[in-house]
2 protein chains.
Amino acid sequence: MRLGALEAGGTKMVCAIGNEKGQIFERITLPTKAPDITMPEIVEWFRTREINALGIGCFGPINLETSSPSYGHIMTTPKVFWQGFDIVGYFKRAIKTPDGHRLPIGFDTDVNAACLGEATFGAAKDVDSSIYITVGTGVGVGIITKNQLHHGMLHPEAGHMLIEREKDDNYTGICSYHRTPYSCLEGLASGPAIEARWGERPENLAGNHNVWELEAHYLAQALTNYILILSPKRIILGGGVMKQSSLYPMIREKTYELLNNYIPLPPAEEYIVPPGLGDDQGILGAIQLACLAN
Amino acid sequence: MRLGALEAGGTKMVCAIGNEKGQIFERITLPTKAPDITMPEIVEWFRTREINALGIGCFGPINLETSSPSYGHIMTTPKVFWQGFDIVGYFKRAIKTPDGHRLPIGFDTDVNAACLGEATFGAAKDVDSSIYITVGTGVGVGIITKNQLHHGMLHPEAGHMLIEREKDDNYTGICSYHRTPYSCLEGLASGPAIEARWGERPENLAGNHNVWELEAHYLAQALTNYILILSPKRIILGGGVMKQSSLYPMIREKTYELLNNYIPLPPAEEYIVPPGLGDDQGILGAIQLACLAN
């Protein structure tokens, strides 16, 4: 089976061809311009490659309510050209299966796709409940419970969870929605937040202990609440900021301290882990979305 | 079909007989003593009433992992006589169906049962994702997503979510696990927390605006995070503290302020609501657990 995968991001589009074993045969990256420029390029690439199904992990917010007339549309987004764009419908109209049938399309958020990638092929493949947290330009959280991606009224927006700002931290956060009276995780702990607070990009702050102490502190608060609310069987932390690998032991220690033995937990090194798929969880999750749609 | 329901609490046991329409024909309340005293009384009551299935909503933490040898056991609890007690196994051994078969038993936490009750017969029966929050002696949260009760590594313990203590609030909370550096919702906002902070039981503080302003503030923080993480389609607030009905409009207003239009929301009066079943969501949820087990 030839599965198409699209990781649709605000700055780039990654297209790939793979199979149900999570093997990727081919991929390209295109810059994200307006839909009328970018979409025909993507369609052309997939059309010549004869796919049996397509999986899309998409920047959000997106409409995932299958009963809604706007299912498969991108909702309000700062990327104005994409606002309201019917991305699933576009592909449905433009691409057929090799034998001329309607193309099965799986569709979810970029972080839910990444979570599915890790849950299927990576660091959470042995458990049925996991969360994937990406800490980068933003903070996003994908959630799987009993092998199902979490959707509710909307998809989770758990990167915007309110957390308590440290007394000594005078930076109220980069998120324009959640800055006062409380700041959110993305506002305080994303890559741009680190840069705005410390005046340097995260990768240039590797030796500054205070930076990572504070970062671990905020992420531990968030993990504590994800654990208390969702009770995942594994937590995977990825994204650009987590390339600072000294964060892992600090986050583990602080999270367990905050939970304070209230609930039984596995050994921290087995519970809070780095990705198993490098930077490929998003595209492999899209492969799996295609596989499930087929 | 005659369905048995047990709401197993730390101070009392409510037993009832009902049917799949949510009608209750008969009920009794027994005090919770040690298992060797209380369990035979409960068994005797159900045995003479010829039930086809039993549903149990139980104080926790409890083991809900069906593949575990300890499935159906109560875990560590301050109620020492009940620690490790195999409550599901006890009923399985003691009660058969009228035609002599193995009794189907549904088992979940008290708050998950209450959430199921409201989702089946009450204030959330028209949606597939909802949460039920009880604010009383403790704070508990039941979660239903796509018609499934939420279980992970354990069940949710979302009443212990860490929240930010108000600057003017010198009370660090009643929860011995989560008091420093951060306090949890149950620690700051449960009935006993209100009494400890203000020196009066909640029902004697009805006219004190500051009490309810602060209470609404804490609950709004919690709701904001539940919405961002779980994205329920309805939020039901019940329990003894919520008898102070002036809390509802305050909580709605503060929650929407904190979310700050980050995600589209229904009108607040339709989204954050009182129970539809009075105080019967727990026992009716246990009825539904029996129905689903059958």
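Preceding this section is the structure that the text describes.
Predicted, not measured: the structure shown is a model, and the values here were computed from it.

### Some details on the relation of the copies chain A and chain B
At an RMSD of 0.0 Å, chain A and chain B line up after a rotation of 180° and a shift of 0.0 Å along the axis. The superposition operator between the copies reduces to a two-fold rotation axis. For chain A, the residue whose C-alpha comes nearest the rotation axis is Glu164(A), separated from it by 2.7 Å. The fraction of interface residues of chain A whose copies in chain B are also interface residues reaches 100%, indicating that both copies meet through the same surface.

### Here we look at the packing of aromatic side chains
Applying the stated criterion across every chain, the model contains 14 aromatic pairs over all chains. Residues Trp45(B) and Phe46(B) carry aromatic rings whose centres are separated by 5.3 Å and whose planes lie at 80° to one another, so their mutual orientation is edge-to-face. Judged by centre distance (6.2 Å) and plane angle (85°), the rings of Tyr71(B) and Phe107(B) are edge-to-face. Remark: Phe107(B) occurs in strand E5 (residues 105–109) and Tyr71(B) occurs in the loop between strand E4 (53–58) and helix H2 (87–94); sequence separation between them is 36 residues. Overall, Tyr71(B) belongs to the partly exposed group, its relative accessible area being 24%. Linked through ring pairs, Phe59(A), Trp82(A), Phe85(A), Tyr90(A) and Phe91(A) together constitute an aromatic cluster. It is Lys79(B) that lies over the ring of Phe59(B); its NZ or CZ is 5.2 Å from the centre.

### Some points on the interface of chain A and chain B
You'll often see interface size given as the accessible area lost when the parts meet. In this complex, chain A contributes 48 residues to the contact, which on the side of chain B involves 48 residues. Both faces combined, the contact of chain A with chain B buries some 4100 Å², and carbon together with sulfur accounts for 62% of it. The partner of Glu65(A) in a salt bridge is Lys233(B), and the shortest N-O contact between them spans 3.1 Å. Across the chain A-chain B interface, the total number found is 28 residue pairs in polar contact (both at pLDDT 80 or more). Contributions of two or more residues to the side of chain A that touches chain B are made by strand E7 (139–145), strand E9 (162–163), helix H6 (209–230) and helix H7 (247–259) of chain A. For the side of chain A that touches chain B, the leading source of residues is H6(A), giving eight residues. Residues of the side of chain A that touches chain B, tallied by class, amount to 25 nonpolar, 16 polar and seven charged.

### Side note on the sheet that holds strand E3 (residues 24–31) of chain B
Residues and elements named next belong to chain B. Taken together, the five strands give an open sheet; going across it, the order is E3-E2-E1-E4-E5, and neighbouring strands pair in mixed fashion. A strand with exactly one partner marks an edge of an open sheet, and here the two such strands are E3 and E5. Strand-to-strand, the axes of this sheet are offset by a mean angle of 15°, without reference to chain direction. As judged from the six bridges shared by strand E1 (residues 3–8) and E4, these two strands associate in the parallel manner. Across the sheet, the residue bridging to Gly4 is Leu54, located in E4. Lying on the sheet, helix H3 (residues 110–121) is in contact with E4 and E5; it crosses E5 at an angle near 110°. Its contacts with the sheet put helix H9 (residues 281–293) on E1, strand E2 (12–18), E3, E4 and E5, and the angle it makes with E1 is roughly 130°.

So, how was this worked out
- Residues numbered from 1 in each chain as written.
- Chains lettered and ligands numbered in written order.
- Predicted model: local features only at pLDDT ≥ 70, side-chain atom pairs only at ≥ 80, totals over all residues.
- Heavy atoms only, no water.
- Least-squares fit on C-alpha atoms with pLDDT ≥ 70 in both.
- Contact = heavy atoms within 4.5 Å.
- Phe/Tyr/Trp six-rings, centres within 6.5 Å; stacked < 30°, edge-to-face > 60°.
- Helix = DSSP H or I, 4+ residues; strand = E, 2+ residues; numbered from the N terminus.
- Buried < 20%, exposed > 50% of the residue type's maximum accessible area, 1.4 Å probe, protein only.
- Lys NZ or Arg CZ within 6 Å of the ring centre and 35° of its normal.
- Buried area = accessible area lost by both parts, 1.4 Å probe.
- Salt bridge = Lys/Arg side-chain N within 4 Å of Asp/Glu carboxyl O.
- Polar contact = N/O pair within 3.5 Å; in protein donor to acceptor, adjacent residues only side chain to side chain.
- Nonpolar A, V, L, I, M, F, W, Y, C, P; charged D, E, K, R; others polar.
- Pairing = 2+ DSSP bridges.
- Axes fitted to C-alpha atoms, helices over the stretch in contact; angles between N-to-C directions.

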